[in-house]
Amino acid sequence: MRVDSAHSRGPSLAALLGAALILPATLGASACLDVEGMDPANPQRGPGELVGNGDPITDGNFTGGWDTPPEPNQVPPALEEPIVCDAQCQSYCDSLGLSNPVNIGACSSLWGVGLASQPVDRRQACRKLHADMLGRYPTPAEVNDVCNEEDWGDTVKALMRSDEFVLVQQRRWADAMLYNNRAVNVERIYDMDDLVRKAYQGYVPWDLFASVAASHPVLVRRHTTPGDRAEAAFKLFLHRPPYEDERSDMGRLYSVWSNGYRDHPFLGTVPDPYVNYDCVGTNQDGTPADQGACTSILWGYHELTLEPDGRREITGDQEGWMWSGYMSAEEWEAVQLPGRLMATEDSFWEAAVDDVLMQYFGYDLGTEVPQIRHELVKYLLENQADIRSVHFAVATSIPYLQSSQGAQESDFPWTMGPLKQATPEMWVDSIERMAGYQLGACDHRIPHPEDYLYADGNGNEPNGWTFALVNNSRWVIDQDKELETSYRGVTQSLGGCPTNEVSGRFTTISILNTAVQEAFIAEVCDPSLLGGGADVSMLLPQGMSPDAALDAGTAQDIVTRQTRLFYGREPYPSELEAAAGYSEQCTPKPCTAERFARPACFALLSSAEMLFY
């Protein structure tokens, strides 16, 4: 193995800021990965195992969280672009003493130029924090407890410590890298998924995460040519396709890979990447060989060669290649050169914070207000490239937490809080949790669980190990040992639970979607009283009998209970007035509490307030 590197082609933003990048970090011992056996409950195998096994890189107590919303500068408000923050504007922003990097960056396009932000509505802010960070709406108890802190920083830290926060990030990366267990060995998918966990629990800095991910078997095996792999890595971590010279040059570093298949002792024939040794250090006579085919020169001189040895396959279609599962820690570190080179680019760090801004705001705020992006990049580097710091800063910022409702003085989107559509999983998971109605689940790591439960016609037969793999995943197997697919059916109809055959999830609003949503809500609420649906006790105030006689007061109590449960707020006076009126119209009489509660459930869950937040 050999990796030679010269200086990169220019100073990075990190160098200009005086930050110490972690490039590259030591990956671990030199011994090969253990490739024998498989734990179906913990099957990950790959380069992710070799990093992030020590203490967290920071303690997670990030500075610069919640700031008191300032008053706008007493100047005529900016109403159109370009926004110019003059010396007086900048002086005003400096005088505010803001600590949150998003607020600092936003001031020159918001308060400093005479624009006001919206008030922070605690219920609405709590709802969007849970939706964006945990992938579901909050329960009434969470609104009253988790979001009842004086400092929003305490609430955000509590949410970031949860497993649900990590799961949301894992699902996002599954979408980005198109996990598919028919295209990539599922063990590698589990390994990449666990690498994401390590990054979002603070064990792996972002540049190290990118270096491992950009050469991870999940990415390498998913693409066919070196140029395609280089382009995929560029889009993931630089948010743009490479120029042709970049694609060709970076592709040379991906030339060591070839796609193959391996006979797995439990999973049958699985797709996996191999090292092809097209670039070797020396010929048999000791003369230099093919290093140039695997040498990058755009970012300095970087030569990548791997020396062949007895680990190569000696028969079959992969003869002469080495299975990636046999690679040592040093070899993995060598082939991770593409990610390390990308991390020397300023745009790498800008893309990292833009990802977070897009997740929380739903639009490209980093491009709209570049100063926010600049402040966040500095903040990320000051916090040892711990990506959690960016989530903390964005989630505690005033532009994010402010209400999406109110008087809007301009068309600039950052003068209002973000308003976004719920993802299919978020919408279904929230309804399930609130109504106590279980459909099952889907697992982004195994888009095709049937492959491990039923014969596939290609000689791969299910066995105890494959059944245990699915049974230990998030998929639900019923008492008849059949896969529960109701959840998948609903969410896939709405664009969720993608199988990632060619592309990932989609988001749309259509008549078909509305029909699917209303059918699901009817199944949960049973407004026609067909004897199904969620337990009625979830829809009624505590202690109320389903057979209680319905009157105006009972109807209002039911609407109050369900509004708190589903929306996390108190009902408006107009809603209580309407509930009283509907109680008089209920037929056939005498009506009961259940006869009113189930249609009310359907009405509330099918509203726009459940679809948008």
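Residues numbered from 1 in each chain as written. Predicted model: local features only at pLDDT ≥ 70, side-chain atom pairs only at ≥ 80, totals over all residues. Heavy atoms only, no water.

Draft legend 1. Quick peek at helix 15 (residues 346–361). Across its 16 residues, helix 15 extends 22 Å between first and last C-alpha, which sits within 8% of the 22 Å expected from 1.5 Å per residue. Along helix 15, the positions that sit buried rather than exposed are F348, W349, A351, A352, V353, D354, V356, L357, Q359, Y360 and F361. At the C-terminal side of helix 15, G362 shows a positive phi close to 85°. (Helix = DSSP H or I, 4+ residues; strand = E, 2+ residues; numbered from the N terminus. Expected span 1.5 Å × (residues − 1). Buried < 20%, exposed > 50% of the residue type's maximum accessible area, 1.4 Å probe, protein only.)

Draft legend 2. Focus on the environment of L129. With respect to the helices and strands, L129 occurs in helix 4 (residues 122–134). In this structure the C-alpha to C-alpha distance between L129 and P101, which are 28 residues apart in sequence, comes to 18 Å. When sequence neighbours within four positions are dropped, the list of residues in contact with L129 reads L134, W152, T155, V156, L159, A395, Y400 and L401. (Contact = heavy atoms within 4.5 Å.)

Draft legend 3. Representation of the state of the cysteines within the structure. Counting across every chain of the model gives six disulfides. Each disulfide pairs two cysteine sulfurs, and for C93 the partner residue is C107, the sulfurs being separated by 2.1 Å. Handedness here is read from the sign of the S-S torsion; for C93 and C107, about -90°, the answer is left-handed. Within this pair, whereas C93 is found in helix 2 (residues 87–95), its partner C107 is found in helix 3 (residues 101–107), the two being separated by 14 residues in sequence. Exposure class is identical for C93 and C107. Each is buried. C126 shares a disulfide with C147; S-S distance 2.1 Å. The disulfide joining C126 to C147 has a torsion of about 75° about its S-S bond and is therefore right-handed. With C126 in helix 4 and C147 in the loop between helix 5 (140–144) and helix 6 (152–160), this residue pair connects regions lying 21 residues apart in the sequence. (Disulfide = S-S within 2.5 Å.)

Draft legend 4. Looking closely at the packing of aromatic side chains. A complete count under the given rule lists 21 aromatic pairs for this structure. Cluster of aromatic residues (ring-pair linked, three or more members): F165, W173, Y200, W206, F209, F237, F348 and W349. Taking the ring centre of Y261 as reference, the NZ or CZ of R221 above it sits at 5.0 Å. The ring of F467 has K481 lying over it, and the distance from NZ or CZ to the ring centre is 6.0 Å. (Phe/Tyr/Trp six-rings, centres within 6.5 Å; stacked < 30°, edge-to-face > 60°. Lys NZ or Arg CZ within 6 Å of the ring centre and 35° of its normal.)

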